[in-house]
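These are the residues of each chain, in order.
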Amino acid sequence: MRRLLFAANWKMHLGPEEARVYLKTFRARYNRRDDRDVWFFPPAVSIEAAAQATRERADLQVGAQDIYWEPKGAYTGAVSAPLAQQAGARATLIGHSERRHVFGETEADTRRKVAAALAAGLLPMLCVGELLAERDAGHTVAVVIRQLAAALGGTEGAPLSRVVIAYEPVWAIGTGRNATPADASAVHREIRAWLVARGNAQPKVVYGGSVNLKNVAELLAEPELDGVLVGGASLDPEGWAQLVQTAIA
Ligand code: PGA
C-alpha cells in the first residue's frame, strides 16, 4: 500500500511563535492516519519551533526550504545542511521553482545541494517542473528529465532511494491552475522510470501546484502520485488538517 506524503511549504510565512500556534491547532484538528506522513517546510527561523512542536510524532517531520551546499564558513545569509539539522530539520526542499526562477538558482546548484543534503543525512525533496512555454512546446518530459539528470546524475542506489521528487509544473504554482490528474500521472510515470533505472526501486514522487481541498482527492486517486507538496492551501492549520485527512480512493 502507498504511504502518502503531505508536504506543506510555508514559503515566507509563519515566524516561530506563529509556527507554534499553527502546529498546536493542526495537532488538535488532525486525526492521525497511519497511512500518511506530514512534512512541514517552515522558513529557516521557524524550523526549531516547528521541530519542537512535532517532537514526539514520527509521522510529522520538519524540513528546510533550502540549504547551501558548504557545511560551514563565511557565507553570509546562508544556512547549511548541518545547521538546519541542528535546528531539527530532517529533510530539505531543493530546487523549488521560486529558488530557480526568483533567485536564479542553477541546475549545477541543485546538484551540489542534493549532495550536501545526502552527506548530512537530510532527505532531499528535489523539485522539478517545466515552464508554460516549455509545456506548450511539448518539452515537459525533456525538461523534467534534464533537471533530474542535472541534480541526480551520479547519485545511484541507496542514496538515490532517499531522494523524494516533487513534480511541480511552474505554471501551476500559486496560479489556481493545475495539471489534470492524467497529465500529472504521465509525467510521474517518466520520473519513476528514470529513478528505477538508476537503482531506486520504490521512488516517491509527489505532485505540487495549486493543490487544495477541492482537488486533492482526485489527484491522489491516481496511483502514480505518492503525495502532494502544497503552498497556499497549507497556511491555514485547520484547512491543512482537513486536506491531510482527505479520504483517498
Ligand atoms: P501552491 O505552491 O500550492 O501555492 O501552488 C506549491 C509550491 O510552491 O510548492
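None of the values given here were measured: they were computed from a predicted structure.

Caption draft 1: Structural context of the overall build of the protein. Along the protein, the regular secondary structure elements total eleven helices and eight strands. Taken against the 2.2 N^0.38 rule, which gives 18 Å for 249 residues, the C-alpha radius of gyration of the protein at 17 Å falls within 12% of a compact globule. Along the first, second and third principal axes, the C-alpha atoms of the protein reach 50 × 45 × 30 Å. The burial tally for the protein puts 51% of its 249 residues in the buried class. Put simply, of all contacts in the protein between residues at least 6 apart along the chain, 73% involve residues at least 24 apart. A total accessible area of about 11000 Å² is found for the protein, and carbon and sulfur atoms account for 54% of it. With 28 positive and 27 negative side-chain charges, the protein shows a separation of 4 Å between the mean positions of the two kinds.

Caption draft 2: Geometry of the packing of helix α7 (residues 140–152) against helix α9 (residues 181–197). Look at α7 against α9: their axes get within 10 Å of each other, and the N-to-C directions meet at 35°. Here α7 and α9 pass one another in a crossing that is right-handed. On α9, the residues that touch Thr140, Val141, Val144, Ile145, Leu148, Ala149 and Leu152 of α7 are Val187, Glu190, Ile191, Trp194 and Leu195.

Caption draft 3: Broad picture of the pairing of strand β3 (residues 60–64). Across the five residues of β3, four count as buried, placing the element largely inside the fold. Sheet topology places strand β2 (residues 36–41) next to β3; three bridges connect them, and they run parallel. Bridging across to β3, valine 38 finds its partner in leucine 60. Between the parallel elements β2 and β3, the chain passes through helix α2 (residues 47–53) in a crossover that is right-handed. Two elements, β3 and strand β4 (residues 91–94), share two bridges in a ladder whose sense is parallel. The residue bridging alanine 64 from the neighbouring strand is threonine 92, located in β4.

Caption draft 4: Local environment of the packing of aromatic side chains. All told, the structure shown has nine aromatic pairs when counted by the stated rule. Both rings, one in phenylalanine 26 and one in tyrosine 30, keep their centres 5.2 Å apart while their planes meet at 25°; by these two values the pair is stacked. The class of phenylalanine 26 is buried, set by a relative accessible area of 0%. Cluster of aromatic residues (ring-pair linked, three or more members): Trp10, Tyr22, Phe26, Tyr30 and Phe40. Sitting over the ring of phenylalanine 103, arginine 99 keeps its end group 4.1 Å from the ring centre. When the ring centre of tryptophan 194 is taken as origin, the NZ or CZ atom of arginine 198, which lies over that ring, is 4.0 Å away.

Caption draft 5: Up close: the sheet that holds β2. Reading around the circumference, β1-β2-β3-β4-β5-β6-β7-β8 is the order of the eight strands in this closed barrel, with parallel pairing throughout. Each strand axis lies, on average, 25° off the axis of its neighbour in the sheet, ignoring direction. Two strands pair when backbone bridges link them, and strand β6 (residues 164–167) and strand β7 (residues 204–208) are joined in this way by four bridges, in the parallel orientation. Its bridge partner lying in β7, alanine 166 is registered against valine 206. Across the sheet, α9 touches β5 (123–128), β6 and β7, and the angle it forms with β7 is around 150°.

Caption draft 6: Up close: unusual backbone geometry. The backbone phi angle of lysine 11 is positive, close to 50°, even though this residue is not glycine. Despite not being glycine, serine 210 has its phi angle at roughly 55°, a positive value. Position of serine 210 relative to the elements: it lies in the loop between β7 and α10 (216–220).

Caption draft 7: Fine view of the pattern of salt bridges. Tallying each qualifying case throughout the model produces 20 salt bridges. For the salt bridge of arginine 27 with glutamate 56, the shortest nitrogen-to-oxygen distance reads 2.9 Å. In this pair, arginine 27 is assigned in helix α1 (residues 16–29) and glutamate 56 in the loop between α2 and β3, connecting sequence segments 29 residues apart. The exposure class of arginine 27 is partly exposed, given its relative accessible area of 27%. Here glutamate 224 ties to arginine 189 by a salt bridge, and the two come within 3.7 Å at their closest N and O atoms. Highlighted residues: glutamate 224 in the loop between α10 and β8 (227–230) and arginine 189 in helix α9, separated in sequence by 35 residues. Taking relative accessible area as the criterion, arginine 189 reaches 47% and is therefore assigned partly exposed. The structure contains a network of salt bridges with shared partners spanning Asp66, Arg99, Glu105 and Lys113.

Cut-offs applied
- Residues numbered from 1 in each chain as written.
- Predicted model: local features only at pLDDT ≥ 70, side-chain atom pairs only at ≥ 80, totals over all residues.
- Heavy atoms only, no water.
- Helix = DSSP H or I, 4+ residues; strand = E, 2+ residues; numbered from the N terminus.
- Rg over C-alpha atoms; globule rule 2.2 N^0.38 Å.
- Buried < 20%, exposed > 50% of the residue type's maximum accessible area, 1.4 Å probe, protein only.
- Contact = heavy atoms within 4.5 Å.
- Areas by Shrake-Rupley, 256 points an atom, 1.4 Å probe, with all protein chains shown as cover.
- Lys, Arg positive; Asp, Glu negative; His and termini not counted.
- Charge placed at Lys NZ, Arg CZ, Asp CG, Glu CD.
- Axes fitted to C-alpha atoms, helices over the stretch in contact; angles between N-to-C directions.
- Left-handed = near helix turned anticlockwise from the far one by under 90°.
- Pairing = 2+ DSSP bridges.
- Right-handed = clockwise from strand over helix to strand, strands pointing away.
- Phe/Tyr/Trp six-rings, centres within 6.5 Å; stacked < 30°, edge-to-face > 60°.
- Lys NZ or Arg CZ within 6 Å of the ring centre and 35° of its normal.
- Salt bridge = Lys/Arg side-chain N within 4 Å of Asp/Glu carboxyl O.

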